[in-house]
Amino acid sequence: MGWRTGGRLRWAAAVPFALVGLLGAPVGAGASAGTRAPVEQVAEPGAEGVLVPSYEAGLTPEDQKTQAFLAQNAVLEDIAAYASERIVLPQDIPLQAASCGEANAFWDPRAQDITFCYEYIEELAPLLSAQQTEGTAEERSAQLDQDLIGVTNEAVLHELGHALVNLYDLPVVGKEEDAADQLSALLLASGDERHVGYALSAITAYAALADAAANGEQPLQAYADEHSLDAQRFYNWVCWLYGSDPDQYAPVVETERNPDGILPPERAAQCPGEFRQMEKSWSPALKPYLKT
Ligand SMILES: [Zn+2]
């Protein structure tokens, strides 16, 4: 099928070399190849909420391993700090990782908290691992760790989108699920190199999920799900990353001279406008300096 990417390396080859370096490098090794000015940090006075991270005890040995992985890498703490830099939260929001019995993440409007399920990591790990086709065992393992941290960022920021729609009573035209994806993409795509790397991990994960769906029987119920299909979420993320900086990401666009580009030109033409629209839609929740 046209949208199939054939794995990480083929589509990664379409993004600028600075990012390919990041994709292929062990965690933290790409730090010097920055292509963006660092975001100015502004001290925000006044009462403002924060995400309050915690790790509940995993209920299975596998969940306990995932718990240790997330806790040792301070993944939730890192997301909470990043969100505080870029988002105005109207109140403290508990953010807990937990065993849920399903691969999921969710905002609970009654409890007003966000839960990230250990099972989500465990479902994605083999799919992401299968995307790694090159490098030494250590490099592949480091890349997998980075991708798992990346998809955790993506999922938690998506749930934060639901939280903000709810708490600020933001008007959402279209699917709220797409709006939540947009907040996640907006925050990661406009971030520093590490967070752009997380956006690439999210794109890789959606490519893997879309491939898995294409290889199996897609039940009719999949089309009733409130989320867009994984292949659509893949294209949306590519579009928004491209739209965040069309010069930087020009190689992702398919053209006569660049037939390996993964984003069809018809969609690419709309992406800068889509990204600007996303910034406008989410501006009530964003720190004023987010504009990049
Ligand atoms: Zn959602």
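Definitions and cut-offs
- Residues numbered from 1 in each chain as written.
- Predicted model: local features only at pLDDT ≥ 70, side-chain atom pairs only at ≥ 80, totals over all residues.
- Heavy atoms only, no water.
- Helix = DSSP H or I, 4+ residues; strand = E, 2+ residues; numbered from the N terminus.
- Contact = heavy atoms within 4.5 Å.
- Areas by Shrake-Rupley, 256 points an atom, 1.4 Å probe, with all protein chains shown as cover.
- Axes fitted to C-alpha atoms, helices over the stretch in contact; angles between N-to-C directions.
- Parallel < 35°, antiparallel > 145°, perpendicular 65-115°, else oblique.
- Left-handed = near helix turned anticlockwise from the far one by under 90°.
- Disulfide = S-S within 2.5 Å.
- Buried < 20%, exposed > 50% of the residue type's maximum accessible area, 1.4 Å probe, protein only.
- Pairing = 2+ DSSP bridges.

The protein chain carries the name DUF4344 domain-containing metallopeptidase in an unreviewed UniProt entry, which gives Kitasatospora purpeofusca as its organism.

S.K.: How should I be thinking about the overall build of the protein chain in this particular structure?
M.R.: Helices and strands together make up the secondary structure of the protein chain, namely 11 helices and 4 strands. Considering only intrachain contacts with a sequence separation of at least 6, the fraction spanning at least 24 residues in the protein chain is 71%. On the protein chain, roughly 13700 Å² of surface is accessible, and the fraction owed to carbon and sulfur atoms is 53%.

S.K.: For this particular structure, what's the right way to read the packing of helix H4 (residues 75–86) against helix H6 (residues 137–168)?
M.R.: Between H4 and H6, the shortest axis-to-axis distance is 10 Å and the interhelical angle comes to 50 degrees. Here H4 is positioned oblique relative to H6, judged by the angle of their axes. H4 and H6 meet at a crossing whose hand is right-handed. Facing H4, whose interface residues are Val75, Leu76, Ile79 and Ala83, H6 presents Ile149, Thr152, Asn153, Val156, Leu157 and Leu160.

S.K.: Looking at this model, I keep getting lost on the state of the cysteines. Mind explaining?
M.R.: Here a disulfide denotes a covalent bond joining the sulfur atom of one cysteine to the sulfur atom of another. Per the counting criterion, the structure on display carries 2 disulfides. The partner cysteine of cysteine 100 in its disulfide is cysteine 117, sulfur to sulfur 2.1 Å. Across the disulfide from cysteine 100 to cysteine 117, rotation about the S-S bond amounts to roughly -95 degrees, and the bridge is consequently left-handed. With cysteine 100 in the loop between strand S2 (93–98) and strand S3 (105–108) and cysteine 117 in strand S4 (residues 113–117), this pair connects stretches of sequence that are 17 residues apart. With a relative accessible area of 28%, cysteine 100 lands in the partly exposed category. The disulfide pattern of the protein chain is 1-2, 3-4 when the bonded cysteines are numbered in sequence order.

S.K.: Can you walk me through the sheet that holds strand S1 (residues 51–55) in this structure?
M.R.: Sheet strands associate in pairs through backbone hydrogen bonding, adopting either a parallel or an antiparallel arrangement. Within the open sheet, the 4 strands sit side by side as S1-S2-S4-S3. Their pairing is mixed. Edge positions in the open sheet fall to S1 and S3, since each of these has one partner strand only. Adjacent strand axes in the sheet meet at a mean angle of 20 degrees, parallel and antiparallel pairs treated alike. Bridge count for S1 against S2 is 5 bridges, and the pairing is parallel. Bridging across to S2, proline 53 finds its partner in leucine 95. Running over the sheet, helix H5 (residues 118–131) touches S1, S2 and S4 and is turned about 35 degrees from S4.

S.K.: Is there a simple way to explain the packing of H5 against H6 in this structure?
M.R.: Running from amino to carboxyl end, H5 crosses H6 at an angle of 135 degrees, the nearest separation of the two axes being 10 Å. The angle between H5 and H6 places the two elements in the oblique class. In this structure, the crossing between H5 and H6 has a hand that is right-handed. Contact with H5, carried on its side by Tyr120, Ile121, Leu124, Ala125, Leu128 and Ser129, involves Leu144, Asp147, Leu148, Val151, Thr152, Glu154 and Ala155 of H6 and no other residues of that element.

S.K.: What's the story with the pairing of S4 in this structure? I'm lost.
M.R.: Counting buried positions along S4 gives 5 out of 5 residues, so the element sits mostly inside the fold. With burial as the criterion, each face of S4 is covered, one bearing Asp113, Thr115 and Cys117 and the other bearing Ile114 and Phe116. In the sheet, S3 pairs with S4 via 4 bridges, with the strands oriented antiparallel. What sits directly across from aspartate 108, in S4, is aspartate 113. Where S3 folds back on S4, the antiparallel hairpin that results is connected by 4 residues, among which glutamine 112 adopts a positive phi of roughly 55 degrees.

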